[in-house]
Amino acid sequence: TTTLAKMAARATLFCKRRVRVISLDNFRVGAVEQWRRYAELIGFPFDVTPNAGAFHRVVHNNSEELLLVDTAGRSPSDPEASLPACLSGLRDLKSEVLLVLPAWLRARDAERAVQQYSPAPTGIVITKLDETDQVGGVMHAPLGSNLPLTYLCDGARVPEDIHDAAIDRVLDAIFPEQA
């Protein structure tokens, strides 16, 4: 949720794009209230959709340039996970699905996450770089899947703590300078 808020803020404030956020997160306590506050502060429309039908109605009645969709961060094998059902009806729209993984994730778990969410992801975002001293295992996700790294996140500030995954930033994350 925080990563998507950073993306929404960046697109709205810096790129001057018209953004709408849709949340599929009816699970996490406080998720809707958190999004409503982000939408109010940053200035974009926000919708909560409880199912694929409501999601499709919002998407097809949308006039913004960029739709960002937040999920509850649950396993794709969870019967309550609604992202696959929502995406299945959007064949006529260009979509990017970014898999968000924490920097401290072990290699085997990163590889499993990519496999569980396949074929949907088109890129990977590594978050919580500020919460680990050693990034390594999570790098198996893009290496083993040929999915590009798109963003790196290193803090909770919106929108400051999101960065393009440029090679120098990726190398700095893997091989931090020793103090």
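Above: the structure in question.
The text that follows walks through the structure, step by step, so that each part is easy to find. (Residues numbered from 1 in each chain as written. Predicted model: local features only at pLDDT ≥ 70, side-chain atom pairs only at ≥ 80, totals over all residues. Heavy atoms only, no water.)

### A look at unusual backbone geometry
When glycine is set aside, most residues are seen to have a negative phi, and most peptide bonds are trans.
Then comes step 1: The residue after Val-158, namely Pro-159, is reached through a cis peptide bond having omega 0 degrees.
Then comes step 2: Tracing the chain through its elements places Pro-159 in the loop between strand S6 (149-153) and strand S7 (162-164).
Then comes step 3: Positioned with a positive phi, Lys-16 is a non-glycine residue whose angle comes to about 55 degrees.
Then comes step 4: Mapping Lys-16 onto the fold places it in the loop between helix H1 (2-14) and strand S1 (19-23).
Then comes step 5: Lys-16 gets classed as exposed once you look at its relative accessible area, which sits at 64%.
Then comes step 6: A positive phi angle, close to 60 degrees, is found at Lys-128, a residue other than glycine.
Then comes step 7: Structurally, the position occupied by Lys-128 is in the loop between strand S5 (123-127) and helix H6 (140-145). (Helix = DSSP H or I, 4+ residues; strand = E, 2+ residues; numbered from the N terminus. Buried < 20%, exposed > 50% of the residue type's maximum accessible area, 1.4 Å probe, protein only.)

### Structural notes on the sheet that holds S6
Strands belonging to one sheet form pairs held by backbone hydrogen bonds; the direction of such a pair is parallel or antiparallel.
Then comes step 1: Spatially, S4-S5-S6-S7 is the arrangement adopted by the 4 strands of the open sheet, whose pairing is mixed. Only two strands of the sheet have a single neighbouring strand rather than two, namely strand S4 (98-102) and S7. Strand-to-strand twist of the sheet, defined as the mean angle between neighbouring strand axes without regard to direction, takes the value 25 degrees.
Then comes step 2: Here 3 bridges tie S6 to S7, and the two strands are oriented antiparallel to one another. The residue bridging Cys-153 from the neighbouring strand is Ile-162, located in S7. (Pairing = 2+ DSSP bridges. Axes fitted to C-alpha atoms, helices over the stretch in contact; angles between N-to-C directions.)

Bear in mind that shape data such as this cannot, by itself, settle questions of function.
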